Amino acid sequence: MITRFVCNGQPVEVETPPMTRLLDVLREELRLTGSKEGCGEGECGACTVRIDGVPVMSCLVPVAQVAGCNVQTIEGLAGALVHPVQAAMLEHGGAQCGICTPGLCMSAAALLEENPHPSVEQVRVALAGNLCRCTGYQKVIEAVSHALVDTGE
Amino acid sequence: MYGAPLTKLWNADPARPGRVCYPPPQMSIGSSPPRRDGLSKLTGRALYADDLRPHRCLYGATVRSARAHARIVSIERDPAFDWTGVTVATAADLPGPNVVTLMTDDQPILADGVVRHAEEPIALVAAPTRERALAAVRAVRVTYEDLPALLDPLEAEGSPVQIFGNDNVFKRIHLVHGEPSRVTGYLIRGRYRTGLQEQLYIEPQSMIAAPRPDGGVTVTGSMQCPYYVDRAVKRMLGHDRVNVVQSVTGGGFGGKEEYPSMLACHAVLLSRLTGLPVKITYRRDEDLRATTKRHPAVIDLSTLVSPQGELLELHARIWMDGGAYHTLSTVVLSRAVLHAGGPYRCPHVNILGTVVATNTPPNGAFRGFGAPQAQWAMERHLDRIARVLGMDPLAVRRANLYREGDVTATGQTLHDPGAFAVLDAAEAAAKAPFRRKTLRPGVTGASMKAGRGVALAWHGCGFTGNGEAKIRGKVGLEVHGNELLVLSSSTDIGQGTETIFPMIVGDTLGIAQDRVTVAQPDTGRVPDSGPTVASRTAMVVGGTCFKAATELRAKLEAKVGPGSFDEQLLRWRNLGLADPTHESTYEVDASVVWDPDTYQGDAYPTFGWSCVIVDLRVDEDTGEVLYDRVVTATDVGRALAPVLTSGQIEGGTLQALGWATAEEVVLGANGAMRNDRLTNYIIPTALDAPEMVTCLVEIPFAGGPFGAKGIGEIPMDAPAAAVAQAIEQAVGIVLDSLPMTPERVLAAMGAR
Ligand code: FES
Ligand code: FES
């Protein structure tokens, strides 16, 4: 089956069985390996991408479901520049081993677009679907709380 | 304001301000530059093992035992399956000894005739796609003849089932120190237990083997210790045309210390049979069931204490379950024995530890390496003493904490112990008010009871005793034009090695740290710096970086005279000499004396110290524990890059909270993990995590670079006991077994 969608601003067309996971299409067909597989069952959030702006776990999404949609992966989060979330994560030490980081950034970016000044509790809720085993979340939360402040937005 | 960095530097001794020496501003040590690999990780460009796909790469998968202990009668291919393009390997295909090279030669690469634990690898398949490989695994039929299985570690020693030696004992360690007390006191006994814990790196195990043009093989993958893998693969192949490369690694926590050696042998075997690159990436459920865990422990403590709560005698009996193969169990037990007394003085100590074999998947390295189990028991025991004597738990601790000049159970005299410094720092920080976290929807506040708990720990930095003398870890430095390259086999698995080594080298040479880079660990290129374990990377290998830079300077100076590094380099080049290189070996402190037979002497070059104060609430309706705030104060020697240092501590602290109240490995009837998914093996989320206040106390260690001590593991030691004490204070229940899951909390409250 052929599926057409927009990925990071570029129209793409992939031919796969319809139930192929979006995560596999991104990683194997499009070679966008920034989205990671930590569990394959919707629990860890390492595979988080945005579909029409909404963060979703791409390991749970059959590719047929994104036909005609706008898919954004970590590779397309900021284009050539660096997204304020990425800059803040770098500054505050929010990434350690980094395997959870792309997914965390996608969830955080979605939160900040909706709510530029979230409370700490709102940050925690927004990131609750992204497991990180390295940081204890402290610096991730500091980074996301400061992302827009730091860049003067 | 919340969200501001909560890391604080704490002057360990205000009376002697010189002891905390902040670097002059032009130095990088003590500052926190962005981590070197930060941008590539944040933008998704960093390539982890499963992101790599060599040309014509095959996918490997593993046929595993369904039984705990059985003879393998036959391994057959289902004739109905289409086997075209699929390769199957069994032990018969191995080119060399069927042994995963580590400490003892008991673990086979593939089971040969007998399986000793469920999930043990029996055969391997390689196929052009992952789906085909998994289907082929299901089409391999293994028939077994069951043998009696030994699953209970407390029955191992006298069991008729023989797994290891004739008594199933991997190791017994007996440590005795000091004379029995002449005065009498209260005799207080208790039994304490800890459960299995999964490291749960978010990147599952992954390894690629690819043939080299010279007939050798390159192994690339997720790992902590490239030279472990190197040695294991070379031995299996019987030749040296092997190099091992660490790809960006998504967490390890000990789980990628020894296990990758076996995985690499599997990938290399399949690559050898097919002549093509082969990648094996575990699925999460397979990773959970098959890979090593933290050793569970049963610890009996019996102490004689004075009416003032001072320890007079400590008798400890430690049992640990090593699983079916030895892996690193001896060393884990050793660390448990050496930390069993906690950071407390005691004139007479008698500790007997045993680690035994059972027909369960092997346990192995996990952050803390036996010390968290032992110190959980000791901290809970101090709470018991407090209960019996009617004392405040903290007063009991104060009465016994190590002081300057005290002698440990191994006869080591302590200099600058940081126990009181971390306690003071944590208490001061815990005075600050904090916000109770909002409750989750559906949880009413009515049934929440608040409590606070305090616990302390120490942790020996680096290898035990003369371990470094055996390793003789090396670091190389190469000058390339204006830049320097550090060659080391220490791996950055998230801690920030790539970032701090250049800081150490740059500051030592007096040049900007960003002119220095760390080479990707590749055993074909970098020297063996020893494994990335035991909180030794910053302190020992960082120390070797310091030494290499100092010696490089001396080499230049001898030839071209004094001056700045750049001036010397210029003069060096003007002499027409090739760019200088230098390799250094870690110098073992000759004053460290250790007797591995009596377990007496200097157990560790130095110790780190920590104090943890937990504020939590217990939901009396559900038994759930809600963490509000955790204050930690940790003696780090010197915070090389405070953001990285505190990041390690915060991550380790949450991992310890998970061990305390959330993470439970449930074994099935065959001894393998039954809750093999992230839906039922629960690790803390951002909602579960407390606000963390991280105080870095700096009591410099003369043997570490710029005073740094190892800090990777100590955050795992104290939190669980602080949680138990806080729960006790909140709802009046005494829990002496980990994990303290909601069900257990509820049950204990029901029994009040
Ligand atoms: S891989 Fe998709 S949620 Fe874990
Ligand atoms: S940084 Fe390692 S899992 Fe988050």
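From a predicted model like this one, the values you see are computed outputs, not experimental measurements.

(A) Layout of the nonpolar core. The biggest cluster of nonpolar side chains holds 157 residues, and the ones touching the most others in it are W376(B), L616(B), V723(B), I727(B) and M740(B). Each residue touching V723(B), except ones within four places of it in the same chain, is listed here: V614(B), L616(B), Y627(B), L657(B), A660(B), T661(B) and M740(B).

(B) A look at the pairing of strand β3 (residues 48-51) of chain A. Residues and elements named next belong to chain A. Burial along β3 is two-sided: T48 and R50 and V49 and I51, pointing in opposite directions, are all buried. Sheet analysis places β3 next to strand β4 (residues 54-57), joined by four bridges and oriented antiparallel. Paired with V49 across the two strands is V56, which belongs to β4. The antiparallel pairing of β3 with β4 creates a hairpin that spans two residues between the two strands, and D52 there sits at a positive phi of about 50°. As paired strands, β3 and strand β5 (residues 70-72) are joined by two bridges and run antiparallel to one another. Across the sheet, residue R50 finds its bridge partner in β5, namely Q72.

(C) Representation of the packing of aromatic side chains within the structure. Residue and element names in this part refer to chain B. This model, assessed by the stated rule, comprises eleven aromatic pairs over all chains. Considering the side-chain rings of W458 and W609, the 5.9 Å spacing of their centres and the 40° angle between planes classify their relative orientation as tilted. Residue W458 is found in strand β17 (residues 448-461), and its partner W609 is found in strand β24 (residues 606-619); the two are separated by 151 residues along the sequence. W458 gets classed as buried once you look at its relative accessible area, which sits at 3%. Its relative accessible area of 2% is what places W609 among the buried residues. The interplanar angle of 75° and the centroid separation of 5.6 Å between the aromatic rings of Y604 and F607 together place this pair among those described as edge-to-face. Y604 gets classed as buried once you look at its relative accessible area, which sits at 1%. Members of the aromatic cluster, joined through ring pairs, are Y402, W458, Y604, F607 and W609. We note R77 situated over the ring of W83; from NZ or CZ to the ring centre the distance is 5.5 Å. The ring of F366 has R294 lying over it, and the distance from NZ or CZ to the ring centre is 4.1 Å.

(D) Here's a closer look at the domain arrangement of chain A. Residues and elements named next belong to chain A. Taken domain by domain, chain A consists of domain 1 (2-76) and domain 2 (84-150). Using C-alpha coordinates to define each centre, domain 1 is positioned 21 Å away from domain 2. Taken together, the 15 residues of domain 1 in the interface contact 13 residues of domain 2. At the boundary of domain 1 with domain 2, total buried surface from both sides reaches about 1100 Å², with 63% on carbon and sulfur atoms. Considering only the side of domain 1, the residues that lose the most area to domain 2 are T48, R50 and I74, jointly responsible for 47% of the buried surface there. Taking the shortest distance from any N to any O, the salt bridge between E113 and R50 comes out at 2.9 Å. On the surface where domain 1 and domain 2 come into contact, there are five residue pairs in polar contact (both at pLDDT 80 or more). Of the residues forming the side of domain 1 that touches domain 2, the biggest block, three residues, is contributed by β3. Class assignment for the residues of the side of domain 1 that touches domain 2 results in six nonpolar, six polar and three charged.

(E) Summary view of the sheet that holds strand β21 (residues 581-585) of chain B. Residue and element names in this part refer to chain B. Ordered in space as β20-β19-β18-β21, the four strands form an open sheet in which the pairing is mixed. Every interior strand has two partners, whereas the edge strands, β20 (516-518) and β21, have only one. Recorded for the sheet is a direction-independent mean angle of 20° between the axes of neighbouring strands. Of the pairings in the sheet, the one linking strand β18 (residues 474-480) to β21 comprises five bridges and is antiparallel in character.

(F) Layout of the confidence of the model for chain B. All names here are of chain B. Per-residue confidence for chain B gives a mean pLDDT of 94; residues scoring 70 or more make up 95%. Predicted confidence for residues 1-8 stays below pLDDT 50, and this span has 27 contacts to residues more than four positions away or in other chains. Throughout residues 10-25 the model reports pLDDT below 50, and contacts reaching past four residues in sequence, or to other chains, amount to 29 contacts.

(G) Spatial organisation of the environment of G510(B). By the element assignment, G510(B) lies in the loop between α11 (497-509) and β20. Relative accessible area serves as the criterion here: at 65%, G510(B) is assigned to the exposed category.

(H) Expanded view of the domain arrangement of chain B. Residue and element names in this part refer to chain B. On domain assignment, one finds that chain B holds domain 1 (6-30 + 467-587), domain 2 (54-147 + 200-290) and domain 3 (297-464 + 598-751). The straight-line distance from the C-alpha centre of domain 2 to that of domain 3 is 35 Å. Each side of the interface is counted separately: domain 2 has 25 residues, and domain 3 has 27 residues. Taking both sides of the interface into account, the surface hidden between domain 2 and domain 3 amounts to around 2200 Å²; carbon and sulfur atoms contribute 64%. A per-residue breakdown of the area domain 2 buries against domain 3 is headed by M103, L200 and F253, which together make up 24% of the total. Linking domain 2 with domain 3 are one salt bridge. Note that D676 is salt-bridged to R289, the shortest N-O span being 2.6 Å. Scanning the region where domain 2 abuts domain 3 turns up eight residue pairs in polar contact (both at pLDDT 80 or more). For the side of domain 2 that touches domain 3, a count of residues per class yields ten nonpolar, six polar and nine charged.

(I) Quick peek at the packing of helix α3 (residues 101-114) of chain A against helix α4 (residues 120-127) of chain A. Residue and element names in this part refer to chain A. The geometry of α3 relative to α4 is characterised by a closest axis approach of 9 Å and an angle of 130° between their N-to-C directions. Between α3 and α4, the angle is such that the two are oblique. Two packed elements cross with a definite hand, and for α3 against α4 that hand is right-handed. Residues L104, S107, A108 and L111 of α3 form the contact with α4, whose own contacting residues are Q122, V123, A126 and L127. Each residue belonging to the contact of α3 with α4 can be placed in one class, and the counts come to six nonpolar, two polar and no charged.

(J) Structural detail: the interface of chain B and chain A. Counting residues at the interface gives 63 residues for chain B and 46 residues for chain A. Counting the contacts that link chain B with chain A gives eight salt bridges. Close ionic contact of K139(A) with E650(B) constitutes a salt bridge, the shortest N to O distance being 3.2 Å. Where chain B touches chain A, the interface holds 26 residue pairs in polar contact (both at pLDDT 80 or more). Contributing elements (two or more residues each) for the side of chain B that touches chain A: α1 (38-42), α14 (642-661) and β26 (691-697) of chain B. Among the elements that line the side of chain B that touches chain A, the one with the most residues is α14(B), at eight residues.

(K) Examining the pattern of salt bridges more closely. Residues and elements named next belong to chain B. Under the criterion given, the structure shown has 58 salt bridges over all chains. Residue D146 is joined to R67 by a salt bridge in which the shortest nitrogen-to-oxygen separation is 2.8 Å. With D146 in strand β7 (residues 140-146) and R67 in the loop between β2 (58-64) and β3 (70-77), this residue pair connects regions lying 79 residues apart in the sequence.

(L) Quick peek at helix α6 (residues 329-339) of chain B. Residues and elements named next belong to chain B. Taken across its eleven residues, α6 has ten buried, putting it largely inside the fold. Within the sequence span of α6, burial applies to S329, T330, V332, L333, S334, R335, A336, V337, L338 and H339. In this fold, the buried residues of α6 make contact with β8 (169-177), β15 (311-323), β16 (348-357), α7 (371-389), β17 and β22 (594-595).

(M) Structural context of the side chain of T499(B). Locating T499(B) in the fold gives a position in helix α11. At 3.0 Å, the side chain of T499(B) forms a polar contact with the backbone nitrogen of R36(B).

(N) Spatial organisation of the sheet that holds strand β10 (residues 206-211) of chain B. All names here are of chain B. Spatially, seven strands are ordered β4-β6-β2-β13-β10-β11-β12 in an open sheet, and the strand pairing comes out mixed. Two strands in the sheet have a free side with no partner beyond their single neighbour: β4 (87-89) and β12 (242-246). Averaged over all neighbouring strand pairs, the angle between strand axes comes to 20°, with direction disregarded. Pairing between β4 and strand β6 (residues 121-127): three bridges, direction antiparallel. Across the sheet, A89 pairs through a bridge with L124, a residue of β6. Helix-sheet contacts for helix α4 (residues 259-274) involve β2, β4, β6, β10, β11 (217-221) and β13 (278-281), and the interaxial angle to β10 is about 35°.

(O) Inspection of unusual backbone geometry at higher detail. Residue and element names in this part refer to chain B. Backbone torsion omega between L738 and P739 reads 0°, so that peptide bond is classified as cis. You can see P739 is positioned in the loop between α15 (719-731) and α16 (742-750). Here the phi dihedral of F253 falls at roughly 60°; this positive angle occurs in a residue that is not glycine. Within the secondary structure layout, F253 lies in the loop between β12 and α4. Overall, F253 belongs to the buried group, its relative accessible area being 11%.

Definitions and limits used
- Residues numbered from 1 in each chain as written.
- Chains lettered and ligands numbered in written order.
- Predicted model: local features only at pLDDT ≥ 70, side-chain atom pairs only at ≥ 80, totals over all residues.
- Heavy atoms only, no water.
- Core = buried A, V, L, I, M, F, W, Y, C linked by side-chain atoms within 4.5 Å.
- Buried < 20%, exposed > 50% of the residue type's maximum accessible area, 1.4 Å probe, protein only.
- Contact = heavy atoms within 4.5 Å.
- Helix = DSSP H or I, 4+ residues; strand = E, 2+ residues; numbered from the N terminus.
- Pairing = 2+ DSSP bridges.
- Phe/Tyr/Trp six-rings, centres within 6.5 Å; stacked < 30°, edge-to-face > 60°.
- Lys NZ or Arg CZ within 6 Å of the ring centre and 35° of its normal.
- Domains from an automatic or database assignment.
- Buried area = accessible area lost by both parts, 1.4 Å probe.
- Salt bridge = Lys/Arg side-chain N within 4 Å of Asp/Glu carboxyl O.
- Polar contact = N/O pair within 3.5 Å; in protein donor to acceptor, adjacent residues only side chain to side chain.
- Nonpolar A, V, L, I, M, F, W, Y, C, P; charged D, E, K, R; others polar.
- Axes fitted to C-alpha atoms, helices over the stretch in contact; angles between N-to-C directions.
- pLDDT = per-residue confidence, 0-100.
- Parallel < 35°, antiparallel > 145°, perpendicular 65-115°, else oblique.
- Left-handed = near helix turned anticlockwise from the far one by under 90°.

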